[in-house]
Structures are given as C-alpha cells and as structure tokens.
Amino acid sequence: MKSPISIRTLLTLPFILQMVGIVGLTGYLSWQNGQKAVRSLVIELQDEVSDRIEQKLASFLSTPELITELNQKAVSSGELDLKNITALQQRGWQQISTFTTISLVQFGTEIGNFVAVERRSENTFATAIKDNTTAGKIQTYGLDQQTGQLNQPLSLTAEKYDPRTRSWYQTVASSQKPQWIKIYAWVEQDVLSLTFVRPLFSQVRQGTSTQTEFVGVTGADLSFEELDQFLERQRLGQNGKMFIIERSGELVASSTAESIFEIIDGQLVRTQAIKSQNSLIQSATKTLLEKFSSLAKIQQLNRFDFEVDGQHNFLQVAPLQDEYGLDWLIISVVPKADFTQQINQHNRVTILLCLGALGLSVILGILTSRRLTRPIIQLSQAVKTWSLGTENPAVRGSQIQELNILSNTLNQMSQSLQQSYQQLEDYSRNLEQKVINRTEALAEKVQIAEAAEEALRESEAKFSTIFLGTPHPIIITRIRDRKYIDVNDSFCRITGYSREEVIDRSSLELNLWVTPEDYDDFYQTLDLDQKIRNYEVNFRTKTGEIRTALVSTDLIIINQEPCLLSSSNDITEKKRTEVALRVSEAKFSQAFKASPDMIIIASFTDRAILEVNDSLMKILGYSKEEVVGHTALELDLLIDSEYLTPTSSGSSQWNQFRNRETGLRKKTGEVIPVLLSAEIIQVEAIQQCLFVATDISHLKQVEETLRRQNIELDKARKTADVANQAKSIFLANMSHELRTPLNAILGFSQLLVNDPSLTAIARNDLEIINRSGAHLLDLINDILDLSKIEAGKIVLDQVTFDLHLLLNTLEAMLRLRTASKDLLLKFQWSPNVPQYITTDEKKLRQVLINLLGNAIKFTQSGQVLLAVTLGAYQTSDRQSPMPKMSKSNLTTLIFEVSDTGPGIAPEEIATIFDAFVQTDSGRKARQGTGLGLTISRQFVQMMGGGSDHHQSNWRGQLL
C-alpha cells in the first residue's frame with residue numbers, strides 16, 4: 001500500500017508542478033530547437049566540405065587516368081613506338097611538364113625496356129632508362145628544363161632491373177585492366193605517391209585480320225602535396241578537422257599541418273590515423289573502429305556523434321570508390337562546442353529563471369497550506385498514538401465543524417479497538433504453535449524426496465551426456481522385435497531421419513540395409529558370438545545415399561528386457577579417398593607418359609634419376625636403362641649445372657624455379673634450348689624433385705627471323721624518311737621557282753584584258769589564259785604549302801584577334817559567290833563563343849575559306865551553313881596532337897560546315913584527307929587539286945585541334 005500524501009503536500013505540489021512543467025517545457029523546447037539547428041548546420045557544412053573534397057579528388061585523380069589513356073591510344077594507333085626510347089622519354093617529359101600534379105610518368109615493355117621521367121623539384125626533371133645499351137641496369141640523366149633533352153648522366157644502378165618482375169607490371173599484365181597501385185613512399189624526396197597503371201596494346205596484323213597484343217604497361221604517379229594544401233585551406237568550424245584514410249587506416253591527407261608519414265631508420269613509414277598526433281583525428285578513427293569493427297565495412301555515408309574527454313563531437317564518414325580499385329574514406333569531425341557556446345549561455349539564463357519561479361511557488365504553497373493543515377496534523381498525531389496501542393488519549397474538538405465530528409467518531413473507535421486487540425493476541429499465540437509443528441514434519445519429507453530426485457537426475461544426466469554427445473551413431477534395439485528404442489543425434493544427422501521417425505521402427509522398415517543378406521548374416525553372427533566388432537556394412541540414408549560404416553554391438557538389459565547397444569563408425573569418406581587416390585595415380589601415370597614435355601623425377605637425397613618419360617628419351621636419344629640410376633651431372637644433361645646444386649645457404653634442399661631458359665645436351669652432344677622448371681614433391685611421404693623441360697628450338701628460330709626482319713624494316717623506314725625529306729625540299733624549291741614567272745604572266749594577262757582595242761576573240765583567249773594561270777597558281781600554292789608542312793618549315797603565328805570580326809568579314813566576302821548561284825549562306829555562333837581568341841589567324845581564315853569554298857563549289861541549290869560552338873576537346877582524328885598548354889587554359893571551338901550538296905560516298909571518306917585525292921564529285925567538276933583538305937587538316941593539327949567527317953558534314957575542331 002502506498003504511503004498517504006499530506007494535505008500540505010497536496011496543496012503545495014500543484015503550484016510547484018505547474019511552474020516546473022511550464023518553465024521546463026519552455027526550456028526543453030528551446031534546447032531542442034538549438035540542438036536541431038546546430039545539427040542541421042553541421043550536416044550542411046560537412047556535406048559542403050565533403051562535396052568540395054570529392055570534386056577536388058575527381059580532378060586530382062583524373063589526371064593520371066587521362067595521361068595513361070592517351071599513351072595507350074598512341075601505342076594502339078602506332079603513333080608511339082615502345083622500342084623508340086627517345087620518343088618515350090620525350091613524351092613522358094611533355095606530360096610531366098604539362099601536368100603539375102604528376103610526379104612520375106613511366107613505361108615498361110614486354111621486351112624488358114623501361115623509361116621513367118621524374119619531377120625532382122618544381123623545375124627540375126630527371127629520366128631513368130633501361131634498354132639494351134645499359135647492360136640491364138638503369139641509367140639516370142638530368143633533363144633540360146626547356147627542351148626535355150638529356151643532359152649529363154647522374155647515376156647508374158648497381159643491380160640489374162627488369163620491369164616485368166615488378167608488382168606494378170605483373171598486376172596489370174595478369175588482369176589486363178587499368179588500376180590504382182597502393183600508395184608508396186619516396187625516401188629520397190620525403191613524399192608519398194599514388195600510381196595509376198594501364199596495360200598497353202598494339203594492333204598486330206595476321207593475314208587478313210588484325211589482333212590486339214599486350215606489349216607493356218604505362219603508369220603515372222601523383223604527389224599528395226597539392227591535396228594536403230587543399231585540405232588545409234578548408235574551414236570546418238573553429239576546430240573541425242578533415243582527413244582522408246585508406247581502408248587499412250593509413251592517412252592519405254589531412255587538414256592539419258601534421259605529416260602523414262615519418263622516417264624511421266631511413267625508411268618512410270605511413271602514419272596510422274589512430275596514432276595521429278591530432279587528438280580529434282585519433283579519436284574519430286578509434287570511434288569508427290569501435291562502431292564498425294573494421295573500416296572495410298563502411299559502404300555508405302554515415303553520421304553519428306561521439307564524446308572525447310567530455311566534449312561532444314559530430315562525425316561524418318563517406319566512402320570514395322571508383323572502377324579502378326580506389327577505396328578511400330573521407331572523414332570530417334566537428335566539435336559541438338564550436339557552435340553551441342551561445343546556446344549554452346541562453347540555457348543557463350533560462351535555468352536561473354526557472355529556479356526563481358519554482359522557489360516563489362514553493363513559498364506561496366507552504367504559507368497557504370500551513371494555515372489549513374495545523375488542526376489536521378494534531379488529529380493525525382492522536383490517531384497514530386492509538387494505532388501503536390501505547391496509550392488512548394482523547395481527541396480534542398476543533399473549531400472547524402467537519403473536524404469536530406471526526407474527533408468524536410475517533411474517540412468511539414478507540415474504545416472498540418482496545419477490545420479487539422486483546423482477542424487477537426490470544427488467537428495468534430495458539431495458531432503460531434500449530435504452524436511450527438506442521439512445518440517440521442513437512443521439511444523432513446521434502447528432504448528425503450529431494451535426495452532421491454537428485455540421485456536419479458545425476459544418473460540420467462551421465463547416460464544422456466554419453467549417449468547423445470558421442471560423435472559416433474549409437475542405437476538401442478529390442479531383441480524380441482528388433483525395433484529401435486532410442487538413437488542419438490549422430491545417427492539422425494548421418495541417416496537424415498528424425499528421432500520420431502525412427503523410434504519403434506526396425507531397420508528393415510526404414511530400408512537402411514542395402515543388401516538383405518548382410519542383415520541376416522549380421523544377426524546370425526550376433527546369435528553365435530553374443531557380440532560384434534567392426535562389422536563392415538553398407539547402409540542407405542533417407543535421401544537414398546549409400547554410405548559405409550563399421551558396426552559394433554553388445555547385449556544389455558533395460559527394464560529387465562534384453563536389448564542391443566550398437567555403435568558405428570562412418571568410413572564412407574575414407575573409402576572414397578582410397579578410390580580417388582587410385583584414380584589420381586592412374587591419371588598422373590598417363591599424363592607423365594603422354595606429356596610432350598621432357599619430365600625427370602630424381603631422388604631428393606642422392607640426386608639419382610628415378611623415372612623419365614618417353615618424350616625425354618625420344619628427344620635426347622637415351623634409353624631408359626641409360627638414364628635411370630644416374631645423376632644429371634654424370635650424364636652431362638644440363639649446360640647450366642647450377643640448377644642441380646643445393647641452395648646458396650648450403651642446405652640439402654634444391655632450388656625451385658619456373659621457366660628458366662637453359663639448354664639440354666642430347667646423347668649426340670647437340671644442345672637444344674629449353675624452358676626448365678623444378679619443384680619439390682612428396683611421394684609417399686618421401687621428398688623427390690620434379691624437373692619439366694619444354695623444347696623451344698622452334699621459338700628461337702622464329703625469334704631470330706623476327707629480329708632480322710625488324711632490322712631490315714628499320715633500314716627501309718630510315719631510307720624512306722630521307723627520300724621523303726628530299727622530295728619535300730625539292731617541291732618547295734621548284735614550286736617557288738615556278739610561281740615567280742607565273743605571277744608575271746597573270747599580271748600582264750590581266751592588264752591586256754582591260755585594253756579596249758582587243759577583239760572579242762582575243763579577250764576570250766586572254767580570259768582562258770588568266771583562268772588557267774590562276775588554276776595553276778592555286779595548284780602551285782597548295783603544293784608549296786604541303787611541301788613546307790612536310791619539310792617542317794611552317795610555324796604557328798599565334799596572335800590575339802577578334803573572332804566575331806573575322807567571321808563577319810568571311811561572310812561578306814563569300815556572299816557574292818553564293819548569291820551568284822542562288823544559294824543561302826548562314827553564319828551562326830553560340831552566345832558563349834568568346835569574341836577574342838589566341839591562335840594563328842591567317843591559317844584559321846585559310847582553313848575556313850577552303851572548307852566554305854568547297855561547300856559552295858559543289859552545292860547547286862539549297863544552303864551552306866557555318867556553325868561555331870563551344871565544346872569539349874574530343875575528336876576521332878588519331879593524328880591530332882594533344883595541346884602542349886595546360887588543359888584548364890584551353891577554349892575549345894567547334895567549326896561545323898554543312899551543305900545540301902551531293903555529299904561524299906562512304907567508300908571515299910577514308911581518303912578525303914589524303915594528298916592529290918579527289919572525290920567523285922570533284923573529278924566530275926574538274927576543279928581543284930586534291931590538296932585543300934590535306935592542307936586544312938595539317939593547319940588544324942598544328943593549332944592543336946583535329947578534323948573529322950560526320951555523315952554528309954565536315955566537322956572541324958580548333959583550339
């Protein structure tokens with residue numbers, strides 16, 4: 001029963017509760033709104049910072065992907081020759097000098113060559129080269145800052161180097177896919193780098209088809225200095241921190257000045273985030289590990305709070321992953337105190353006001369209730385005295401009518417209670433003695449019953465533990481009807497039956513026996529010997545599977561009835577293993593004899609040959625009797641005996657290796673080249689050595705033939721380059737000599753046309769001379785431009801000019817030609833096309849005049865349109881070079897010329913940019929030289945752009 005509430009409390013408490021409720025609710029709602037505002041602000045700030053970091057990382061990480069993709073396309077198209085070490089070095093220098101975030105560009109080839117260009121400081125570069133001129137070692141050179149040419153040699157490694165044995169090369173060679181390599185440290189420069197590698201493929205023609213062949217690996221390294229500086233510039237509250245870690249917990253970058261690595265004993269060691277010098281980063285990482293147990297389990301954006309040294313903090317972690325294996329975590333942590341200082345001050349003021357209001361309510365309630373409760377308290381004290389029975393005082397009357405009536409009633413009750421107390425004491429003494437006697441008798445009987453039950457439980461527990469817990473199946477069977485009384489869990493697990501399906505059924509009813517004869521023989525043996533040991537029998541499970549077991553049976557008595565206790569040992573897997581072993585030995589024997597490779601099995605201890613296959617005897621010319629029992633050294637089989645000697649440590653173990661090129665000596669003394677592999681094997685617990693040799697004589701012949709062909713092709717290419725250069729110089733000189741007198745002829749013919757004394761026939765003849773001379777001059781000018789391009793004598797004259805003025809001038813210039821053919825000429829450009837650009841104005845004008853002139857020339861009706869838009873740098877022109885300036889400084893303009901003319905046949909598209917080649921429309925019109933598009937394309941490529949043909953439109957891109 002609950003204790004009663006005093007009237008004073010009842011009168012005072014409502015005032016207090018009302019004030020506490022109102023003020024407390026007001027304070028609570030104010031605190032809640034403040035907390036929500038802080039959390040919303042922190043989440044918005046963390047999302048904004050995370051977005052900026054992800055955008056920066058996207059730009060930061062895309063650079064090596066772009067560089068390696070450009071290198072792959074250059075190799076695949078044949079533009080970049082992996083055997084040309086100078087070309088590889090120049091390309092690496094151009095890329096690393098263009099992209100400031102790249103610290104290393106490298107190439108590794110399938111023939112073992114290696115070229116790497118490294119940024120050692122802001123304007124200092126070096127290159128490392130390994131080819132057939134460096135004797136297998138790496139030679140390092142300094143590079144000229146302006147041209148990228150080799151300077152003086154810097155160093156030469158002491159050990160030989162093969163890129164094909166390195167993990168970055170082997171990883172890409174096996175997967176054939178681009179991917180990121182784990183971050184590694186440069187001890188020499190105290191920096192960390194991240195490498196992106198991509199496989200290189202070339203197109204190899206085999207007959208009429210072209211196949212793709214893996215030829216090497218290219219990679220580009222990123223330095224984290226710029227990323228660290230970017231994070232340090234981000235603001236996340238007053239004390240908030242941002243950092244990036246790998247799934248292993250190692251720091252990638254952080255917004256603190258703390259270094260993400262340290263040098264220990266000359267080695268650069270990555271800093272674990274959980275061991276960071278910054279307590280906020282350290283605590284945030286520890287919280288993530290405690291919450292997820294492993295950083296690898298974080299697969300989506302997570303936000304939660306944690307406390308460190310009594311300080312509340314907000315934590316956000318977001319995974320950053322890409323298709324190339326990059327897997328980082330972006331983490332931001334903000335102390336709550338950075339945002340809640342003002343809110344806490346307001347909360348303190350609210351609490352003080354609440355306490356003041358509460359105190360005032362208590363004082364008013366006490367004063368009011370005291371006046372009302374004083375007579376009631378006196379009455380309650382008298383009643384309490386009566387209830388204790390110590391005395392029976394009379395209750396005094398009260399001036400309050402209700403209390404006076406209550407006082408008289410209580411006096412009457414007091415007299416009745418005194419009489420009742422005496423009667424209850426007498427009855428209680430008699431009842432207590434009876435309860436004591438009955439309790440002693442029951443306790444004795446309960447003790448005897450509990451002892452019997454405990455003994456029974458112990459006995460049953462021991463038997464149940466042994467019966468149910470044994471790993472072997474156990475069965476209890478009645479002899480009179482051969483039905484099961486009980487089975488253990490192992491029996492149910494192996495046979496697939498439940499205990500309910502087995503009890504009170506026989507093995508024949510369950511169809512356990514595979515052979516009925518085994519059933520009869522089993523019980524006959526039991527009748528004779530009264531027990532059975534390890535009786536092998538095949539039984540059938542519930543699913544129909546046939547298994548084998550060894551059964552042992554003994555006679556026992558249960559409840560005065562004879563029974564059988566049977567246990568079995570499942571040997572099915574052992575039987576299957578024996579069969580599989582026999583089959584495996586037979587397969588090995590067949591493979592050993594039929595293998596086209598030469599195989600030797602030798603003793604591990606004395607090196608004596610134990611067995612050889614038919615291929616070895618056939619190729620080397622030995623018989624089996626001549627080889628078995630002898631060592632390879634005695635027979636002088638190997639030209640490199642070091643493969644058959646112990647290891648350098650002097651132990652008795654032999655070296656194990658794979659596909660080492662060496663030679664085997666035939667019985668006749670002839671040496672054949674082979675790929676030799678060695679492996680230590682176990683045969684019946686005895687160590688033996690297995691040698692496998694593959695004859696590569698044919699491959700060596702093919703390799704020598706290819707080498708000779710490559711030498712001849714290289715000589716032919718050099719001869720063709722010299723001839724082409726001489727042709728270009730000759731054409732340039734001759735076209736110049738022809739153009740000088742031709743200009744004079746055209747000048748005089750134009751003067752004669754204006755002579756009024758000429759007859760109509762003479763004027764017509766002069767116009768024919770003028771048109772023919774102009775056509776010849778155009779032809780000579782085109783040949784001169786083409787020869788200058790091929791001779792490398794044309795250079796870009798980049799100036800800043802008004803693009804809109806150039807387009808308006810061209811439109812006015814060509815409008816007369818289109819009007820004469822009744823064509824519509826349109827020039828359109830987007831509003832975002834800049835008015836002023838920097839490039840070669842003359843070459844751009846010449847290209848546009850050439851393209852628009854072709855469109856007007858071959859269009860008989862309709863319109864000619866020039867559209868200028870701003871777009872991305874993308875073209876299918878494989879000959880288009882990458883601009884040497886930074887990509888972020890480029891403005892890409894797309895000039896698209898379209899017309900309603902006859903178009904170009906699909907079979908002619910592949911040759912329209914070739915010199916002296918005309919389309920079918922051009923040949924029918926008998927106009928032009930077939931050099932206009934060739935020269936235009938060369939000019940566009942010189943300006944860093946590309947050209948392409950799209951359906952019936954010519955599409956040009958200029959930068």
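Residues numbered from 1 in each chain as written. Predicted model: local features only at pLDDT ≥ 70, side-chain atom pairs only at ≥ 80, totals over all residues. Heavy atoms only, no water.

1. Side note on the overall build of the protein
Tallying secondary structure elements over the protein gives 20 helices and 32 strands in all. Across the 959 residues in the protein, those meeting the buried criterion constitute 38%. A fraction of 54% describes how many contacts in the protein between residues 6 or more apart in sequence connect residues 24 or more apart. In the structure as shown, the protein presents an accessible area of about 56,500 Å², 54% of it carried by carbon and sulfur atoms. (Helix = DSSP H or I, 4+ residues; strand = E, 2+ residues; numbered from the N terminus. Buried < 20%, exposed > 50% of the residue type's maximum accessible area, 1.4 Å probe, protein only. Contact = heavy atoms within 4.5 Å. Areas by Shrake-Rupley, 256 points an atom, 1.4 Å probe, with all protein chains shown as cover.)

2. Quick word on helix H4 (residues 225-233)
Looking only at H4, the buried set comprises Leu-227, Asp-228, Phe-230 and Leu-231. End-on, the buried residues of H4 take up no more than an arc of 160°, which puts them together on one face. Counted as exposed and oriented over 90 degrees from the buried face of H4: Glu-225 and Arg-233. (Arc of directions from axis to C-beta.)

3. Here's the deal with the sheet that holds strand S17 (residues 484-487)
Strand order in this open sheet of five strands is S17-S16-S20-S19-S18, and the pairing throughout is antiparallel. The open sheet has two edge strands, S17 and strand S18 (531-540), and neither has a second partner. For this sheet, the mean inter-axis angle between neighbouring strands, taken without regard to orientation, is 30°. The pairing of S18 with strand S19 (residues 546-558) spans eight bridges and is classified as antiparallel. Counted as the bridge partner of Lys-531 is Asp-554 from S19. Against the sheet, helix H10 (residues 516-529) touches S18, S19 and strand S20 (561-570), its axis set at about 170° to S18. (Pairing = 2+ DSSP bridges. Axes fitted to C-alpha atoms, helices over the stretch in contact; angles between N-to-C directions.)

4. Quick notes on the pattern of salt bridges
If you walk through the whole model with that rule in mind, you get 29 salt bridges. Residues Lys-73 and Glu-69 are paired through a salt bridge, measuring 3.5 Å at the closest nitrogen-oxygen approach. Separated by four residues within a single helix, Lys-73 and Glu-69 lie in helix H1 (residues 7-77), roughly one turn from each other. Note that Arg-665 and Asp-636 form a salt bridge whose closest N and O atoms lie 3.0 Å from each other. Note that Arg-665 is positioned in strand S23 (residues 657-665) and Asp-636 in the loop between helix H14 (632-635) and S23, a separation of 29 residues in sequence. Looking at Asp-636, the relative accessible area reads 39%, which means it is partly exposed. (Salt bridge = Lys/Arg side-chain N within 4 Å of Asp/Glu carboxyl O.)

5. What to know about the nonpolar core
Note that soluble globular proteins tend to have their nonpolar side chains buried in a common cluster. Among the nonpolar cores identified, the biggest contains 70 residues, and Ile-53, Leu-57, Leu-61, Leu-194, Ile-244, Leu-288 and Trp-328 are the most heavily contacted of them. Ranked by residues supplied to this core, first place goes to H1 with nine residues. Setting aside chain neighbours within four positions, we find Ile-244 in contact with Ile-53, Leu-57, Leu-227, Leu-231, Glu-250, Leu-251, Val-252, Ala-253, Trp-328, Leu-329 and Ile-330. By size, the runner-up hydrophobic cluster in this structure holds 28 residues, among which are Leu-825, Leu-848, Leu-866 and Phe-895. (Core = buried A, V, L, I, M, F, W, Y, C linked by side-chain atoms within 4.5 Å.)

6. Some thoughts on the side chain of Arg-91
Turning to its location among the elements, Arg-91 is positioned in helix H2 (residues 85-98). No salt bridge is formed by the buried Arg-91. Its closest oppositely charged neighbour is Glu-79, at 4.2 Å. Other than its neighbours up to four places away in sequence, Arg-91 contacts Leu-70, Asn-71, Ala-74, Glu-79, Leu-80 and Phe-107. (Lys, Arg positive; Asp, Glu negative; His and termini not counted.)

7. Some details on the sheet that holds S23
Taken in spatial order, the five strands of this open sheet run S22-S21-S25-S24-S23, and their pairing is antiparallel. The sheet terminates laterally at strand S22 (609-612) and S23, the two strands that pair on one side only. Within the sheet, the average angular offset between the axes of one strand and its neighbour, ignoring direction, is 30°.

8. What about the packing of aromatic side chains?
Per the counting criterion, the structure on display carries 14 aromatic pairs. Between Phe-196 and Tyr-324, the aromatic rings sit 5.0 Å apart at their centres with planes inclined by 80°, giving edge-to-face as the arrangement. Taken as a pair, Phe-196 in strand S7 (residues 191-206) and Tyr-324 in the loop between strand S14 (311-321) and strand S15 (327-335) lie far apart in primary sequence, 128 residues in all. According to the relative accessible area criterion, Phe-196 is buried, its value standing at 0%. Ring centres of Phe-292 and Phe-304 lie 6.3 Å apart, and the angle between their planes is 55°; this geometry places the pair in the tilted category. Here Phe-292, found in helix H5 (residues 279-292), pairs with Phe-304, found in strand S13 (residues 302-308); they are twelve residues apart in sequence, far enough to count as distant. The exposure class assigned to Phe-292 is buried, which follows from its relative accessible area of 16%. Taking relative accessible area as the criterion, Phe-304 reaches 12% and is therefore assigned buried. (Phe/Tyr/Trp six-rings, centres within 6.5 Å; stacked < 30°, edge-to-face > 60°.)

9. Quick notes on H5
Given 3.6 residues per helical turn, the α-helix brings residues three or four places apart onto the same face. Relative to the 20 Å expected for 14 residues at 1.5 Å per residue, H5 spans 20 Å between its end C-alpha atoms, a close match to the ideal helical length. Restricting attention to buried positions, one finds in H5 the residues Leu-280, Ile-281, Ser-283, Ala-284, Thr-285, Thr-287, Leu-288 and Phe-292. Elements in contact with the buried residues of H5: strand S9 (241-246), strand S10 (251-254), S13, S14 and S15. One side-chain oxygen at the N-terminal end of H5 lies 3.0 Å from the backbone nitrogen of Leu-280; it belongs to Asn-278. With its phi angle positive at about 65°, Ser-293 sits one or two positions after the end of H5. (Expected span 1.5 Å × (residues − 1). Polar contact = N/O pair within 3.5 Å; in protein donor to acceptor, adjacent residues only side chain to side chain.)

10. Thoughts on unusual backbone geometry
Peptide bonds are, in most cases, trans, and in most cases residues other than glycine have a negative phi. Not every positive phi belongs to a glycine, and Ser-293 is a case in point at roughly 65°. Inspection of the secondary structure puts Ser-293 in the loop between H5 and S13.

11. Considerations on the confidence of the model for the protein
Taken over all residues, the pLDDT of the protein has a mean of 77, while the share at 70 or more is 71%. Within the protein, strand S32 (residues 953-958) has the poorest average pLDDT of any element, 36, and strand S1 (residues 102-109) the best, 92. With pLDDT under 50 throughout, residues 951-959 is counted as low confidence; its partners more than four residues away or in other chains account for 45 contacts. (pLDDT = per-residue confidence, 0-100.)

12. Comments concerning the side chain of Thr-127
Examined against the element boundaries, Thr-127 turns out to sit in strand S3 (residues 124-130). Ignoring anything within four residues of it in the chain, the contact list for Thr-127 reads Gln-89, Val-115, Ala-116, Val-117, Gln-139, Thr-140, Tyr-141, Leu-143 and Leu-150.

13. A closer look at a nonpolar patch on the surface
A grouping of Ile-351, Leu-352 and Leu-355 is seen on the molecular surface, where their side chains present a nonpolar patch of about 330 Å² in accessible area. By secondary structure assignment, the location of Ile-351 is in helix H6 (residues 337-388). Judged by its relative accessible area of 51%, Ile-351 is exposed. (Patch = residues over 30% accessible without salt bridge, like charges linked within 9 Å, V, L, I, M, F, W, Y side chains within 5 Å.)

14. Topic: the pairing of strand S16 (residues 474-478)
Within a regular strand, the side chains alternate between the two sheet faces. Counting buried residues in S16 gives five out of five residues, a clear majority hidden from the surface. Burial of S16 is two-sided: the residues Ile-474, Ile-476 and Arg-478 facing one way and the residues Ile-475 and Thr-477 facing the other way are all buried. Where S16 meets S20, five bridges bridge the pair, whose relative direction is antiparallel. Following the sheet pairing, Ile-474 is matched in S20 by Ser-567.

15. A word on the environment of Ser-50
With respect to the secondary-structure elements, Ser-50 resides in helix H1. Sequence separation between Ser-50 and Ile-330 is 280 residues; the distance between their C-alpha atoms is 7.2 Å. Excluding residues that lie within four positions of it along the chain, Ser-50 makes contacts with Gln-316 and Ser-332.

16. Digging into the packing of helix H17 (residues 803-820) against helix H18 (residues 841-858)
Running from amino to carboxyl end, H17 crosses H18 at an angle of 30°, the nearest separation of the two axes being 11 Å. The angle between H17 and H18 falls in the class roughly parallel. In terms of crossing hand, the pair formed by H17 and H18 is right-handed. Where H17 approaches H18, its residues Leu-803, Leu-806, Leu-807, Leu-810, Met-813, Leu-814, Arg-817 and Thr-818 are matched on the opposing element by Leu-844, Arg-845, Leu-848, Ile-849, Leu-852, Gly-853 and Ile-856. (Parallel < 35°, antiparallel > 145°, perpendicular 65-115°, else oblique. Left-handed = near helix turned anticlockwise from the far one by under 90°.)

17. Some details on the environment of Ser-276
By the element assignment, Ser-276 lies in the loop between strand S12 (267-270) and H5. Distance in space between the C-alpha atoms of Ser-276 and Glu-258 is 8.2 Å, their sequence separation being 18 residues. Not counting residues up to four positions away in its chain, the partners in contact with Ser-276 are Glu-258, Ile-281 and Gln-282. Only 3.1 Å separates the side chain of Ser-276 from the backbone nitrogen of Asn-278, close enough to count as a polar contact.

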